[in-house]
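Given next are the chains, with one letter for each unit.
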Amino acid sequence: MYAATIVSWAILHDIFLVSVEPRHFTEYHSGLYPFENHILHASQYAIVATFGPGLVFGLITFCLSELGGWSPVSFVSSYKRFFVLIGVVELSALGIGYWSYLYFTGGERVFPYPRWMYPELSGSMVFTQSTNISAYVMAFACSGSLLH
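In this text, all values refer to a predicted model and were calculated from it rather than measured experimentally. Starting from 1, residues in each chain are numbered consecutively following that chain's sequence as written. Local features in this predicted model are restricted to residues whose pLDDT is 70 or higher, and side-chain atom pairs enter the listing and the counts only when it is 80 or higher, whereas totals over whole chains, interfaces and linings include all residues. As a convention, hydrogens and water are excluded, and side-chain values are obtained from all of the structure's heavy atoms.

**Things to note about the overall build of the protein**
Here is the rule we go by: Runs of H or I in DSSP of at least four residues are treated as helices and runs of E of at least two as strands, each being numbered from the N terminus. Think of it in three bands: residues with accessible area under 20% of the maximum for their type are buried, residues over 50% are exposed, and the middle band is partly exposed, with areas taken using a 1.4 Å probe on protein chains only. The criterion used for residue contact is that any of the two residues' heavy atoms lie within 4.5 Å. Each accessible area value is a Shrake-Rupley result obtained with a 1.4 Å probe; residue values ignore everything except the protein chains displayed when judging cover.
For the protein, the helix and strand inventory stands at five helices and zero strands. Ordered by position from the N terminus, the helices and strands of the protein form the series α-α-α-α-α. Here the protein, with 148 residues, has 41% of them falling under the buried criterion. Contacts in the protein between residues far apart in sequence, at least 24 positions, make up 64% of those at least 6 positions apart. When the accessible surface of the protein is totalled, it reaches about 8,100 Å², and 71% of it is carbon and sulfur.

Take a look at the structure:
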């Protein structure tokens with residue numbers, strides 16, 4: 001269930017990013033399957049990048065809720081908090097992306113991540129790359145909060 005939710009969120013996230021900057025996925029991600037449709041191209045990356053972590057997180061949560069452990073939680077309670085986490089992560093990631101875009105287009109070269117993480121310096125690429133990196137970093141950093 002977690003894997004399906006995470007994959008769905010990632011697909012929506014990547015569909016938004018590809019609408020801002022299609023080259024984020026077409027030029028700067030090596031092809032899995034060479035879809036011509038930008039939405040399908042981005043969606044395949046969302047599935048590949050998030051199914052495994054979603055499955056692992058769901059398994060850990062299930063085991064803690066069913067078997068107990070250091071911090072037993074109910075699956076239903078954890079799953080509800082999961083949606084709050086998704087919202088916080090996505091809105092924060094978009095905010096960081098927008099902040100990066102404003103600084104970049106304003107003439108300042110201030111980036112939230114090391115310069116080498118950006119495949120090119122254009123306003124739209126700075127936005128999509130900052131947003132994408134932020135979503136991964138924050139999802140990983142915040143996911144443990146669901147297990148308390």
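**Here's the deal with the pattern of salt bridges**
We apply this condition: What makes a salt bridge here is a side-chain nitrogen of Lys or Arg within 4 Å of a carboxyl oxygen of Asp or Glu, nothing more.
Following the criterion strictly, the structure yields two salt bridges and no others. We note a salt bridge from E21 to R23, for which the minimum N-O separation is 3.0 Å. A relative accessible area of 25% means that R23 is categorised as partly exposed. For the salt bridge of E120 with R23, the shortest nitrogen-to-oxygen distance reads 2.7 Å. Remark: R23 occurs in helix α2 (residues 23–26) and E120 occurs in the loop between α4 (75–105) and α5 (123–143); sequence separation between them is 97 residues. Residue classification places E120 among the buried positions, given a relative accessible area of 16%. Counted as one network, the salt bridges with shared partners bring together E21, R23 and E120.

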